[in-house]
Amino acid sequence: MTQAEIEALDRNDPLAAKREAFIIPEGLVYLDGNSLGVLPKAVQQHLKHVVTEQWGQGLIRSWNTHGWVDLPLRVGAKIARLIGAEEGEVVAADSTSVNLFKVLLAALRLRPERRVVVSDVENFPTDLYIAQGVSALLGGLELRFVKKSELEEALDHQTAVLMLTEVDYRTGYRYDMARLTQLAHEKGALVLWDLAHSAGAFPVHLNQHGVDFAVGCGYKYLNGGPGAPAFLFVARRHQQRTFPFLSGWMGHQTPFAFVPEYVAAEDIRRLTVGTPAVLSMSALDAALEVFADVDLEAVREKSLKLTDLFMELMEPLAERYGFELATPRAHAERGSQVSYRHPQGYAIMQALIGQGVIGDFRAPDIMRFGFTPLYLRFADVSEAVERLERVMQLELWKDPRFSERAKVT
Ligand SMILES: *Cc1c(COP(=O)(O)O)cnc(C)c1O
């Protein structure tokens, strides 16, 4: 693609104006919105208001006057729209890891005669770790963690829960949610999808596919800020029978009755636990306003164009410098990131960050580039590839300081 064609893509981009809604450091090409979304201007303004007015002046009255107490459900409803769920099926709370724990335990309780959890051995570690903790708590489950190619075979009539992340965090491979949900249901199993790399990246259709449970992140494509609250989804049909093992007071039917016996709320609020983190919940709330008028089909369309362009421009570099594409080319089989394997991937990524192009690195050898259609331009894609070419041509990555591993990669 020529420079003129790339400029034309930006001129004709229906999402181009959305970039204005974000604060993007001058000259930076940010390809890591799949790990931490950039700061929406609305968040900056809203947090200032929440801190100075709601907290500073309103103090404890704000639980009622500013509806702090309803934030988990209100924010959940905004997320519901993005993932094909209804209001009242999604709540914002805790971290993704904690939500996985709550929901996996509850799902297992709905299949008391079964003891098998099936997942992808390459699933994000926290998902696998939580399953191991749940197994220890329940006195030993069979954790069937298998390769993608063996996943369908691993499902049987012993399977209680199929637990998967829709988009693989390393390669960007995207599962067929409709097909796997159906296969699991045919075996009588329940499904739990992790939407960490899906929510806000493309349209998700949880109810259309009959999904039982889901969890996801607030700080990735939803731009809720570092450590933003996560979310969880429970299909309406399961809610009354979803057992809240973390039976905290915020999930009680009447928290302010202060009675000694726990009685779970009738609705999804039963899966909330303690006092919500109002500041970070308010940040996520404001960040989601950016999506209010966004058509996720248009987001997906632009995401595919951005990633196609990146792969195309990377082809000559891949050949010359040995970058091996780890992401499927087929549109249906990928999310909104592109990854390359390279034995010097860590140092190359550090050098590239030094050139103002931020991606990240995942062990053992994956260079990961996330594409966020709300604030990326097509020109950013070509700029990123040009700067990477410079890093390779001038061998900038050989500087020893780029090989020193930081705590967070
Ligand atoms: C990012 C990510 C998480 C993060 O979990 P936290 O509890 O928010 O740290 C979980 N699962 C997947 C698949 C992820 O990509």
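Remember, predicted model here, so these are calculated numbers, not experimental data.

1. Observations regarding the overall build of the chain
Helix and strand counts for the chain come out as twelve helices and 15 strands. In summary, the chain has a C-alpha radius of gyration of 22 Å against a globular reference of 22 Å for 409 residues, a match within 12%. For the chain, the C-alpha atoms occupy an extent of roughly 70 × 55 × 40 Å along the three principal directions. In the chain, which comprises 409 residues, the share counted as buried stands at 54%. Of all intrachain contacts in the chain linking residues separated by at least 6 positions in sequence, the fraction that spans at least 24 positions is 72%.

2. Let's talk about the site of the ligand
Within the structure, the ligand sits among 13 residues, and S97, D194, H197, Y219 and K220 are positioned closest to it. The contact in question runs from an oxygen atom of the ligand to an N or O atom on the side chain of S97, over 2.6 Å. Contact between the ligand and D194: a nitrogen atom at 2.9 Å from a side-chain N or O atom of the residue. Relative to its free-state accessible area of 390 Å², the ligand is covered by the protein chains to the extent of 86%. Looking at the shell around the ligand, the elements that each hand over two or more residues are α5 (96-109) and α6 (125-137). Grouping the constituent residues of the shell around the ligand by class yields four nonpolar, six polar and three charged.

3. Notes on the packing of helix α2 (residues 41-55) against helix α9 (residues 278-289)
Between α2 and α9, whose axes approach to 9 Å, the crossing angle comes to 140 degrees. Considering the angle they form, α2 stands oblique to α9. Of the two elements, α2 crosses α9, and the hand of that crossing is right-handed. When α2 is examined against α9, the residues A42, V43, H46, L47, V50, V51 and W55 are found in contact with a partner set consisting of L279, S282, A283, A286 and A287. Each residue belonging to the contact of α2 with α9 can be placed in one class, and the counts come to ten nonpolar, two polar and no charged.

4. Things to note about the domain arrangement of the chain
Each assigned domain of the chain is listed with its residue range as follows: domain 1 (3-30 + 295-403) and domain 2 (47-291). The C-alpha centroid of domain 2 is placed 30 Å from the C-alpha centroid of domain 1. Taken together, the contact between domain 1 and domain 2 spans 27 residues of the former and 19 residues of the latter. Summing the contributions of domain 1 and of domain 2, the shared interface buries around 1800 Å²; its carbon and sulfur component is 60%. Among the residues domain 1 hides against domain 2, the three largest losses belong to L296, R300 and Q337. Together they make up 27% of the total.

5. Remarks on the pairing of strand β9 (residues 213-216)
Across the two faces of β9 the burial is the same, with F213 and V215 and A214 and G216 all buried. Bridging between strand β8 (residues 190-194) and β9 involves three bridges; their strand directions are parallel. In the sheet register, D194 faces β9, and the bridge partner there is V215. Of the pairings in the sheet, the one linking β9 to strand β10 (residues 230-234) comprises four bridges and is antiparallel in character. In the sheet register, A214 faces β10, and the bridge partner there is F233.

6. Focus on the sheet that holds strand β14 (residues 360-362)
The antiparallel open sheet is built from four strands, whose spatial order is β11-β12-β15-β14. Each edge of the open sheet is held by one strand with a lone partner, namely β11 (324-325) and β14. By the bridge criterion, two bridges tie β11 to strand β12 (residues 337-341) in an arrangement that is antiparallel. Along β12, the bridge assignment pairs E324 with R341. This element, helix α10 (residues 296-321), spans β11, β12 and β15 (366-370) of the sheet and lies at about 25 degrees to β12. Most of the contacts of helix α11 (residues 345-354) go to β15, to which it runs at about 35 degrees, and overall it touches β14 and β15.

What counts, and where the lines are drawn
- Residue numbering note: each chain is counted from 1, following its sequence as written.
- Per-residue local features are limited, in this predicted model, to residues with pLDDT of at least 70; the limit for side-chain atom pairs, both in listing and counting, is 80 or more; totals at the level of whole chains, interfaces and linings are taken over all residues.
- The side-chain values count all of the structure's non-hydrogen atoms but skip hydrogen atoms and water molecules.
- Segments assigned H or I by DSSP are reported as helices when at least four residues long, segments assigned E as strands when at least two residues long, and all are numbered from the N terminus.
- Each radius of gyration reported is based on C-alpha atoms, and the globular scaling rule is 2.2 Å times the count of residues to the power 0.38.
- Partly exposed residues are those whose accessible area sits between 20% and 50% of the maximum for their type, while under 20% is buried and over 50% is exposed, using a 1.4 Å probe and protein chains only.
- What makes two residues a contact is simply this: any of their non-hydrogen atoms within 4.5 Å.
- Any residue with a non-hydrogen atom lying within 4 Å of a molecule or strand is treated as near it.
- Pairs of N or O atoms within 3.5 Å make up the polar contacts considered here, provided that, within protein, one atom can donate a hydrogen while the other can accept it, and that residues adjacent in sequence are counted only when both atoms are side-chain atoms.
- In short, Shrake-Rupley with a 1.4 Å probe defines the accessible areas, and a residue's cover is counted only from the protein chains shown.
- Following the grouping adopted for this structure description, the nonpolar residues are Ala, Val, Leu, Ile, Met, Phe, Trp, Tyr, Cys and Pro, the charged ones are Asp, Glu, Lys and Arg, and the polar ones are all others, Gly among them.
- Axis definition: a line fitted to C-alpha atoms, over the contacting stretch in the case of helices. Angles run 0 to 180 degrees between N-to-C directions.
- Each angle gets one of four labels, with under 35 degrees taken as roughly parallel, over 145 as roughly antiparallel, 65 to 115 as roughly perpendicular, and the rest as oblique.
- With the far helix as reference, a near helix turned anticlockwise by less than a right angle produces a left-handed crossing, and one turned clockwise produces a right-handed crossing.
- For every domain, the bounds stem from an assignment made automatically or drawn from a database.
- Simply put, the buried area is the total loss of 1.4 Å probe accessible area from both parts when two parts are fitted together.
- Strands were regarded as paired on the criterion that DSSP finds at least two bridges between them.

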